[in-house]
Amino acid sequence: MIPLSQEAGHGLVRAARAAIHEALGTETIEIPQAAFVEVPGASFVTLRQYGELRGCVGSVEPHRSLIEDVCHNAIAAAFRDLRFRPLGVHELPHTRVEVTVLGVPEALE
């Protein structure tokens, strides 16, 4: 895994939000292209509304590119987290999208 800059982190959040917008059919947003596009990675995408959890889905092990993982998990957090109803278009303005990128797992003693 390559270290991510703050700019790359913002790009991943934009990609997650773009994936949700596209899934809702509200608009097509170009997903940012960066060096991490092809790098395998694992991520969690968390959605919050007014500080409260609204959805969270992630991957523990990398099995696809980081950008694909973020987009997949964003859609899953918005529409397939069984704890919540699917996200509606009217909720987008007050939905905060957070992306957490996991590092390489390490064994604990």
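Look up a bit, the structure's there.
Residues numbered from 1 in each chain as written. Predicted model: local features only at pLDDT ≥ 70, side-chain atom pairs only at ≥ 80, totals over all residues. Heavy atoms only, no water.

Observations concerning the overall build of the chain
The helix and strand inventory of the chain stands at 2 helices and 3 strands. Going residue by residue from the N terminus, the α and β elements of the chain occur as α-β-β-α-β. Against the globule reference of 13 Å for 109 residues, the chain gives a C-alpha radius of gyration of 14 Å, in line with a compact fold. Seen through its C-alpha atoms, the chain measures out along the principal axes to roughly 45 × 35 × 20 Å. Partitioning the intrachain contacts of the chain with sequence separation of at least 6 by distance along the chain shows that 68% fall at a separation of at least 24. Just so you have it, the chain exposes about 6,600 Å², and 56% of that area is on carbon and sulfur atoms. For the chain, the centre of its 9 positive side-chain charges and the centre of its 14 negative side-chain charges are spaced 9 Å apart. (Helix = DSSP H or I, 4+ residues; strand = E, 2+ residues; numbered from the N terminus. Rg over C-alpha atoms; globule rule 2.2 N^0.38 Å. Contact = heavy atoms within 4.5 Å. Areas by Shrake-Rupley, 256 points an atom, 1.4 Å probe, with all protein chains shown as cover. Lys, Arg positive; Asp, Glu negative; His and termini not counted. Charge placed at Lys NZ, Arg CZ, Asp CG, Glu CD.)

A closer look at the packing of helix α1 (residues 6-24) against helix α2 (residues 66-79)
Contact pair α1 / α2: the axes reach a minimum separation of 8 Å and the direction vectors enclose 50°. Put simply, α1 runs oblique to α2. You can see that α1 and α2 cross each other, and the crossing is right-handed. For the pair α1 and α2, contact is made by L12, A15, A16, A19, I20, A23 and L24 and by L66, I67, V70, C71, A74, I75, A78 and F79, respectively. (Axes fitted to C-alpha atoms, helices over the stretch in contact; angles between N-to-C directions. Parallel < 35°, antiparallel > 145°, perpendicular 65-115°, else oblique. Left-handed = near helix turned anticlockwise from the far one by under 90°.)

Some words on the environment of H63
As for its placement among the helices and strands, H63 is situated in the loop between β2 (52-58) and α2. When its relative accessible area of 54% is taken as the criterion, H63 is described as exposed. As for H63 and A107, which are separated by 44 residues in sequence, their C-alpha atoms are 19 Å apart. If near-sequence neighbours (up to four positions away) are discounted, H63 is found in contact with G41 and D69. (Buried < 20%, exposed > 50% of the residue type's maximum accessible area, 1.4 Å probe, protein only.)

Here's the deal with the nonpolar core
Across soluble globular proteins, you tend to see nonpolar side chains buried next to one another. A16, I20, V45, L47, V70 and V97 are the most contacted members of the largest nonpolar core, which has 17 residues in total. At the level of secondary structure, the elements contributing two or more residues to this core comprise α1, β1 (42-49) and α2. Looking at which element gives the most residues to this core, the answer is α2, with 7 residues. Leave out the neighbours within four places in its chain, and V97 touches V13, A16, R17, I20, V45, T46 and L47. (Core = buried A, V, L, I, M, F, W, Y, C linked by side-chain atoms within 4.5 Å.)

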